[in-house]
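# Architecture at a glance
So the chains spell out like this:
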Amino acid sequence: MTLRSLATLITLLAATPSFAAPPNIVLIFSDDHAYQAISAYGDPRKLLDTPNIDRLARDGVRFDRCLVPNSICGPSRATVLTGKYSHANGFYNNTNSTFDGSQTTFPKLLQKAGYQTGIVGKWHLVSNPTGFDYWHILPGQGVYYNPPMNKNGQRVKHEGYTTDLITGLSLDWLKARDKEKPFLLLCQHKAPHREWCPPIRHLGHDKDRKYPEPDTLFDNYAGRGLAEKHQAMTIAKTMNDVDLKLTPPGNLTPEQRKAWDAYYEPRNKAFREAKLEGKDLVRWKYNRYLHDYLGCVKAVDDSVGRILDYLNKEGLADNTIVVYASDQGFYLGEHGWFDKRWIFEESLRTPMLVRWPGKAKAGLVNSDLVSLLDLAPTFLTAAGVPVPAGVQGKDLSGVLQGQTPADWRKSFYYHYYEYPGPHSVHRHYGVVTERYKLVHFYEKDVDYWELFDRKTDSKELTSYYDKPEYAAIQKELHEELSRLRKELKVPDPDPPATAIGKK
């Protein structure tokens, strides 16, 4: 080889792009975390500062319209794993569904492609995890203090606060990993799920703040149907003594109980002596609820900070996709409610923030209709793994760069099944667009349609269904709903597996 040809070869090799290592993936997934309780989302009440979650918004993309297909814990987790709706993955509700672990999931496909895979924390799918090299999960809902857990099939007992333990176990797994392979970590918190028990260190974090009230705290549900009136999820009537910390948890250590009583008991004594009634009682419950709920969120934010700091320290941040999301939204007093389940905005819309250096545009705020359905195909595409047929989500790669594809969804299908069940929210399905929602409540005793216009009625207080001025959009929405149900192959009627109390 001549010197000239050697020089030419060196030049060609230098110009040839090298194959980048597949990205690591970290999904930090909380339970019932309302977007209103993340400071990056700018809720006017300014409920809480979340500086660590906000780091993801600063360095990545904040999604303002990330929608869930079925607003309840287990079904959302099944959706994340499969990229499919409940009717396609078989997990409809928390009451009697069991996840079929033999079906294809994105962790299985990444594992097959050479990824190390681990999941720590809340699982809530009944069957044991599959597709993970390591799993260390809470049984069922789990508890906030000193939780029993299941480590790769073996029961173990921990002492401490569950959010902190989940974080520590996640970091332990990362530290012990094979550093020659990419990794997938699902760090899944119980918090801030009911009964909202904060860590001892965050008791009194708000210094007895009186929180601004949502305009709809005393909603009377006029302008809507029986389903909205006949639920069981109001702060006024549904919260119990355990929710309100008038009764302490039963599994505290003596040291934890001493600190717990030191904070709550003087306040509970003052409450009992005040003998509050009516709206004053609701306001007391609302403020107690927010102290506890937001204290749980503070611990989750601490956790996010610990994980981000570890990735930075180990030089992993630049090649790691980090996603923060919740299984659904949550009510923080809006409409007088707590919990979720509805197609309405606070329940339907979950926070999602994505940092992917070099791919996700830093500081981007996106309002496209995206979904938890989209995580599986996005992760697979990022890893260079083909997305299997039947996945109903979409790859977010272009959206993350601020280049939304021309054919991106303009409408979204929603379907809630768990009735009869906790909180008595009736079964319903509907179509959601940027502006409108068409909803069908379809139980025998509660069978009606509603139409909401978020532009003229942002709080979703009035149904415009069958109003003459909405006739054209109503027809259009019915047609779109029919199209989506057909495209998604939604069974009609609901399959027997959705029946509460039956398999």
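Residues numbered from 1 in each chain as written. Predicted model: local features only at pLDDT ≥ 70, side-chain atom pairs only at ≥ 80, totals over all residues. Heavy atoms only, no water.

### Some points on the packing of helix α8 (residues 254-274) against helix α9 (residues 278-313)
Geometry of a packed helix pair, given as the angle between the helix axes and the separation of the axes. Where we set the bar: A fitted line through C-alpha atoms serves as each axis, taken over the contacting stretch for helices, and the angle formed by two N-to-C directions is quoted from 0 to 180°. Where helices and strands are cited, they refer to DSSP runs of H or I of at least four residues and of E of at least two residues respectively, numbered from the N terminus. Angle categories are assigned with fixed cut-offs, so that under 35 degrees is roughly parallel, over 145 is roughly antiparallel, 65 to 115 is roughly perpendicular, and the rest are oblique. Contact criterion: two residues are considered in contact whenever any of their non-hydrogen atoms come within 4.5 Å of each other. In this count, Pro and Cys sit with the nonpolar residues alongside Ala, Val, Leu, Ile, Met, Phe, Trp and Tyr, while Asp, Glu, Lys and Arg are called charged and the others, Gly among them, polar.
Running from N to C, α8 and α9 cross one another at 170°; their axes reach a closest spacing of 13 Å. If you check the angle between α8 and α9, you find them roughly antiparallel. Across from Y263, Y264, R267, N268 and F271 in α8, the residues of α9 making contact are L281, W284, R288, H291 and D292. Its residues assigned to classes, the contact of α8 with α9 comprises 5 nonpolar, 2 polar and 3 charged.

### Regarding the sheet that holds strand β13 (residues 428-433)
The condition that has to hold: In this analysis, strands are considered paired if DSSP registers two or more bridges between them.
Read across the open sheet, the 4 strands follow the order β12-β13-β14-β15; overall the sheet is antiparallel. On the outer flanks of this sheet lie β12 (411-416) and β15 (447-453), each paired with one strand and no other. Each neighbouring strand pair of the sheet contributes to a mean axis angle of 15°, computed without reference to strand direction. Where β13 meets strand β14 (residues 436-442), 5 bridges bridge the pair, whose relative direction is antiparallel. Counted as the bridge partner of V432 is K437 from β14.

### Topic: the pattern of salt bridges
Opposite charge on two side chains permits pairing when their charged atoms draw close. Counted only if it meets this: By salt bridge we mean one thing: a side-chain nitrogen of Lys or Arg within 4 Å of a carboxyl oxygen of Asp or Glu. With a 1.4 Å probe rolled over the protein chains alone, any residue whose accessible area is under 20% of its type maximum counts as buried; one over 50% counts as exposed, and the rest are partly exposed.
Following the criterion strictly, the structure yields 35 salt bridges and no others. Two residues, R45 and E334, come together in a salt bridge whose shortest N-O distance is 2.5 Å. Placement of the pair is R45 in the loop between β1 (24-30) and α2 (51-59) and E334 in the loop between β8 (320-326) and α10 (345-348), with a sequence separation of 289 residues. For E334, a relative accessible area of 7% gives the class buried. We note a salt bridge from E479 to K475, for which the minimum N-O separation is 2.6 Å. Within this pair, E479 and its partner K475 are both found in helix α13 (residues 471-487), separated by 4 residues, close to a single helical turn. Among the ionic contacts, a cluster of salt bridges with common partners joins D32, D339, K340, R341 and E418.

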